[in-house]
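Residue-level structure breakdown
Each chain is listed here by its residues.
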Amino acid sequence: MDVQRTPSTVLVRTPAKLNLFLEVLGKRTDGFHELETLMTPVNLYDLLWFAPADTGDIELTCERFPSVERSGEEASRLPEGSDNLVVRAVRLLAERAGIWASARMKLWKRIPVAAGMAGGSSDAAAALVAANAGWRLDWSREQLLPLAAELGSDVPFFLGRGPAVCRGRGERIEPASGLGILHFVVVAPPVGLSTAAVFRACRPAEHPQPLAPLLEALRTGDAATAGERLFNRLEPAAAELTPWIERLRREFADGEFVGHRMSGSGSSYFGLCRNLGHAQRAASRLRGRGVGQVYAVRTAC
Ligand code: ATP
């Protein structure tokens, strides 16, 4: 996440993420699932502009890139008012800080909605950071973390930098260093998936996959093993909900990728590439296949 401040405004550029590994270890008594996941931010960004105001109101306008909203369930649409995670985040911060919430915001939305790329969570983290700076609260990251976890399981990840292993329901974060720069092709198909629906359809692991071999392979540059060890327990559940997952799996099987998987709860699907050139060539081939929005991306901070 990049933050630019002027005396009266804050501009935050906030990334999407991919899950290189996602295991569902069990269902908890609070209804959430116990996860182990390796996430990396990638250089596909939303942009949030924040200006404190004295109107006593929170105003948000959204400008969407055409590919952001997809068909499918209600979950694939971007809410503008108080349901937008950006608005919920700044209201929560104002409430906890005991101040009057008043601001104008604009969100340039580029990360596809309901794609398993956590655009909403990333925007929520950006909103906490922007409002913290814009209202000059000067809360530390440690102070913002519990609010982030309250807003959503993936939100705390975006308050950190770089790839991380996230456990619990996603809020226990351990930075994963030494993975180098990784290049990917990501496809967001025309149909989005609701995270809740995918988790409902998923059965937790009877024999959980270990994460360590993937981390080791990425750290030592062992591409063959890294490709084999990309994993997502939610993929079969998502494939029951939309034929797009199977279609993308077949499309990616032709691309000589190091490995390929669905990200998060879908519906986006990514291939791990050998280098930038491979990512660009694979992206232009997939753009001709009518599979949805195609991005060539790499790991970001
Ligand atoms: P995850 O990977 O965390 O499961 P996702 O990428 O599948 O998330 P998001 O795009 O983050 O899904 O959207 C999740 C839900 O949040 C959608 O139903 C969407 O309507 C709602 N939402 C609220 N605010 C936002 C926002 N600023 N950006 C995107 N979605 C938002």
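Just so you know, these numbers come straight off a predicted model, no measurement behind them.

1. With respect to helix α3 (residues 141-151)
Three or more residues of α3 are buried, namely Leu144, Leu147, Ala148, Ala149 and Leu151. Against the buried residues of α3 lie α1 (85-97) and α2 (119-134).

2. A short note on the packing of α1 against α2
In the contact formed by α1 and α2, the axes pass within 8 Å of each other and the chain directions differ by 35°. Note on packing geometry: the crossing formed by α1 with α2 is right-handed. Each of Leu85, Val86, Ala89, Val90 and Leu93 in α1 lies in contact with α2, whose residues at this interface are Gly120, Ser121, Asp123, Ala124, Ala127, Leu128, Ala131 and Asn132. For the contact of α1 with α2, a count of residues per class yields nine nonpolar, three polar and one charged.

3. Considerations on the domain arrangement of the protein
One can read the domain layout of the protein as domain 1 (2-174) and domain 2 (178-298). For domain 1 and domain 2, the distance between their C-alpha centroids amounts to 23 Å. Listed by partner, the interface residues are 35 residues for domain 1 and 42 residues for domain 2. Contact between domain 1 and domain 2 buries roughly 2900 Å² in total, counting both sides, with carbon and sulfur atoms accounting for 64%. For the interface between domain 1 and domain 2, the tally reads one salt bridge.

Conventions adopted
- Residues numbered from 1 in each chain as written.
- Predicted model: local features only at pLDDT ≥ 70, side-chain atom pairs only at ≥ 80, totals over all residues.
- Heavy atoms only, no water.
- Buried < 20%, exposed > 50% of the residue type's maximum accessible area, 1.4 Å probe, protein only.
- Helix = DSSP H or I, 4+ residues; strand = E, 2+ residues; numbered from the N terminus.
- Contact = heavy atoms within 4.5 Å.
- Axes fitted to C-alpha atoms, helices over the stretch in contact; angles between N-to-C directions.
- Left-handed = near helix turned anticlockwise from the far one by under 90°.
- Nonpolar A, V, L, I, M, F, W, Y, C, P; charged D, E, K, R; others polar.
- Domains from an automatic or database assignment.
- Buried area = accessible area lost by both parts, 1.4 Å probe.
- Salt bridge = Lys/Arg side-chain N within 4 Å of Asp/Glu carboxyl O.

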